[in-house]
Amino acid sequence: MLFQKDHQGDGTARQKRVYAMFELAYTIVDFTAASLFIVGSVMFFYDDWQTPGTWMFLVGSICFAAKPTLRLAREVKLAAMGDVDDLAKRVEAE
């Protein structure tokens, strides 16, 4: 099932590697977004830097929007690596 905590610890070595790679990407996007917002905030103190600061806010916002996209992509990838019959049984049980 999607978004289950057991994806991070159980499973094959390949599933663990995929999970770790997506977590790394998620963390990089998170730090990038936060950094852009901090630098953009400082730029807003100076009139000449407000336009680049606004662009930094926009790119930071796009990074924050990418976070749930990465999570969904990770879960779909992990689900695709699993047993399709098992996934179908889980959905039917709900």
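Predicted model, so just to flag it, every value in this text is computed and none were measured. In this convention, every chain numbers its residues from 1, walking through the sequence in written order. In keeping with the predicted nature of the model, local features appear solely for residues at pLDDT of at least 70, side-chain atom pairs appear and are counted solely at 80 or more, and the whole-chain, interface and lining totals rest on all residues. The side-chain values count all of the structure's non-hydrogen atoms but skip hydrogen atoms and water molecules.

Peer 1: Help me out: how do you make sense of the overall build of the chain in this one?
Peer 2: Comment: elements are numbered from the N terminus, with helices defined as DSSP H or I runs of at least four residues and strands as E runs of at least two. Within the chain one finds three helices and zero strands. Overall, the chain shows an N-to-C arrangement of helices and strands of α-α-α. The proportion of buried residues among the 94 residues of the chain is 21%. For the chain, long-range pairs separated by at least 24 residues make up 67% of all intrachain contacts whose partners lie at least 6 apart in sequence. Three labels apply to residues, based on accessible area from a 1.4 Å probe with only protein chains included: buried if under 20% of the type maximum, exposed if over 50%, partly exposed otherwise in between. Two residues form a contact once any of their heavy atoms are found within 4.5 Å.

Peer 1: Would you mind going over the pattern of salt bridges with me for this structure?
Peer 2: When their charged atoms lie close together, side chains carrying opposite charge are able to pair. For this analysis, a salt bridge means a side-chain nitrogen from Lys or Arg found within 4 Å of a carboxyl oxygen belonging to Asp or Glu. Per the counting criterion, the structure on display carries three salt bridges. Across the pair K67 and D30 runs a salt bridge whose closest N-O atoms are separated by 2.8 Å. In this pair, K67 is assigned in helix α2 (residues 50–81) and D30 in helix α1 (residues 13–43), connecting sequence segments 37 residues apart. The exposure class of K67 is buried, given its relative accessible area of 15%.

Peer 1: Whenever I open this one, the environment of Q15 confuses me. Can you help?
Peer 2: Mapping Q15 onto the fold places it in helix α1. Residue class for Q15 comes out buried when judged on its relative accessible area of 15%. As for Q15 and G82, which are separated by 67 residues in sequence, their C-alpha atoms are 8.7 Å apart.

Peer 1: What exactly am I supposed to notice about the nonpolar core here?
Peer 2: Across soluble globular proteins, nonpolar side chains show a tendency to be buried alongside one another. Definition used in this section: a nonpolar core is a set of buried Ala, Val, Leu, Ile, Met, Phe, Trp, Tyr and Cys residues joined via side-chain atoms within 4.5 Å. Among the nonpolar cores identified, the biggest contains 10 residues, and these are V18, Y19, F22, Y26, V29, A33, L36, C63, L70 and L78. Broken down by secondary-structure element, the contributors of at least two residues to this core are α1 and α2. For A33, the residues in contact, after removing those within four places along its chain, are G60, C63 and F64.

Peer 1: Can you help me understand the confidence of the model for the chain in this one?
Peer 2: Predicted coordinates in areas of low pLDDT are best not read in detail. Looking at the chain as a whole, the pLDDT averages 83, with 77% of positions reaching at least 70. Ranking the elements of the chain by mean pLDDT puts helix α3 (residues 84–93) last, at 57, and α1 first, at 92. Along the chain, pLDDT gives the predictor's confidence residue by residue, from 0 to 100.

Peer 1: Teacher, can you tell me more about the environment of Y19 here?
Peer 2: Mapped onto the secondary structure, Y19 falls in helix α1. Looking at Y19, the relative accessible area reads 13%, which means it is buried. Residues Y19 and K77, spaced 58 residues apart in sequence, show a C-alpha to C-alpha distance of 9.2 Å.

Peer 1: What exactly am I supposed to notice about α2 here?
Peer 2: An α-helical segment advances 3.6 residues per turn. Residues three or four places apart therefore align on the same side. To estimate the expected span of a helix, count its residues, drop one, and scale the result by 1.5 Å. For α2, with 32 residues, the first-to-last C-alpha span of 46 Å sits near the 46 Å given by 1.5 Å per residue. Regarding α2, the residues found buried are G53, G60, C63, K67, L70, R74, E75, L78 and A79.

Peer 1: Would you mind showing me how to read the packing of α1 against α2 here?
Peer 2: Two quantities define a packed helix pair, namely the angle between the helix axes and the distance between the axes. One can describe the packing of α1 onto α2 by two numbers: an axis separation of 8 Å at closest approach and a directional angle of 165°. For the element pair α1 / α2, the angle class is roughly antiparallel. As for the relative orientation of α1 and α2, their crossing is left-handed in sense. Grouping the constituent residues of the contact of α1 with α2 by class yields 23 nonpolar, eight polar and seven charged. Think of each axis as a best-fit line through the C-alpha atoms, taken over the contacting stretch in the case of a helix, with angles from 0 to 180 degrees between the N-to-C directions. Each angle receives one of four descriptions, namely roughly parallel if under 35 degrees, roughly antiparallel if over 145, roughly perpendicular if within 65 to 115, and oblique otherwise. Left-handed is the label given to a crossing in which the near helix is rotated counterclockwise from the far helix by less than a right angle, and right-handed is the label when the rotation is clockwise. Classification used: nonpolar for Ala, Val, Leu, Ile, Met, Phe, Trp, Tyr, Cys and Pro, charged for Asp, Glu, Lys and Arg, polar for all others including Gly.

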